[in-house]
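Overview (structure and organization)
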Amino acid sequence: MARRNFVAGNWKENLLTSEAADLLAELLPLVQNINDADIAVCPTYLSIATVRERVKGTNIQLGAQNAHAVEKDGKLIQSGAYTGEVSPAMIKDAGCQWVILGHSERRQYFGETDEGVNVKVRACYEVGLKPIICVGETLEERDGGETLSVVDRQVRACLKDLPADRVKDSVIAYEPVWAIGTGRTATPEQAQEVHGAIRALLRELFGDATADVVRIQYGGSMKPGNAKELLAQPDIDGGLIGGAALKAADFAAIIEAARG
Ligand code: 13P
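Residues numbered from 1 in each chain as written. Predicted model: local features only at pLDDT ≥ 70, side-chain atom pairs only at ≥ 80, totals over all residues. Heavy atoms only, no water.

Brief notes about the side chain of Ser104
If you trace the backbone, Ser104 turns up in helix H4 (residues 104–110). Exposure remark for Ser104: the relative accessible area of 12% places this residue in the buried category. What Ser104 contacts, discounting residues up to four positions off in sequence, is Val177 and Ile180. (Helix = DSSP H or I, 4+ residues; strand = E, 2+ residues; numbered from the N terminus. Buried < 20%, exposed > 50% of the residue type's maximum accessible area, 1.4 Å probe, protein only. Contact = heavy atoms within 4.5 Å.)

Next comes the structure, spelled out in structure tokens:
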């Protein structure tokens with residue numbers, strides 16, 4: 001089953017709006033003819049409107065880095081008295097197709113839990129926003145031999161109560177915490193072991209038709225020099241790129257490596 005690779009840039013808390021526009025101006029000519037891989041950029045909320053204008057009519061899709069959602073009396077809340085927060089409905093309205101959820105930086109610094117991510121995922125599906133759901137173990141968990149059990153628990157909890165036909169639209173990003181922003185990358189074999197386990201779990205939970213189409217991105221110090229060998233693994237279907245997405249040439253080179 002051929003899945004189309006999907007490379008997304010997570011710009012994190014970087015780039016003023018003018019800098020985001022400059023980066024896109026550099027990136028667009030480098031990738032404009034690529035039609036055999038999917039591409040997205042995920043700016044801060046404040047740059048989304050500008051980036052949306054710049055990518056209109058191009059092959060670059062747009063995503064946000066987080067969304068807020070709560071469930072009250074069995075109802076998913078998309079607006080209300082939640083100062084400083086932005087709901088999936090608002091992100092969709094701003095022109096995004098994607099939203100990153102459960103990034104390890106959000107889990108680490110902002111207390112996000114799998115249960116909270118699950119509410120967000122369901123609120124996204126309600127409005128037709130597609131989630132990129134991040135999972136991954138810490139160094140301590142890897143050293144303790146817990147990698148597969150941690151990732152299993154995260155995927156199960158984040159996708160709890162979702163119907164298979166909705167899960168089809170989501171992307172899972174395996175991001176080992178110890179590889180994020182550290183320059184340390186999982187080896188292709190280490191990454192494939194986890195990606196294969198995630199695919200097997202999706203098969204168990206949602207069946208073949210879903211497991212075969214869900215893209216599983218790798219994230220964690222992916223760069224031009226290691227992208228090709230990671231992407232050559234059977235269950236690695238793209239990348240979620242941090243630092244290297246801030247340089248047009250590096251991001252374009254990773255996309256090039258992801259072409260079908
Ligand atoms: P780096 O590519 O900077 O390691 O970040 C990966 C990441 O966290 C993407 O979400």
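What to know about helix H2 (residues 48–55)
Residues of H2 that are buried include every one of Ile48, Val51 and Val55, and no others. Buried residues in H2, looked at end-on, bunch into an arc of 65 degrees, giving them a common side. Buried residues in H2 make contact with helix H1 (17–31), strand E2 (38–42) and strand E3 (60–64). Just downstream of H2 lies Gly57, where phi reads positive at about 75 degrees. (Arc of directions from axis to C-beta.)

Concerning the pattern of salt bridges
All chains considered together, the criterion is met by 20 salt bridges. Between Arg3 and Asp237 there is a salt bridge, with the nearest N and O atoms lying 3.0 Å from each other. Remark: Asp237 occurs in the loop between helix H11 (224–231) and strand E10 (238–241) and Arg3 occurs in the segment before strand E1 (6–10); sequence separation between them is 234 residues. The exposure class of Arg3 is buried, given its relative accessible area of 19%. Here Glu53 makes a salt bridge to Lys56, at a shortest N to O gap of 3.2 Å. Residue Lys56 is classed as exposed on the basis of its relative accessible area, which comes to 54%. Each member of the salt-bridge network shares a partner with another, and the members are Arg3, Arg199, Asp235 and Asp237. (Salt bridge = Lys/Arg side-chain N within 4 Å of Asp/Glu carboxyl O.)

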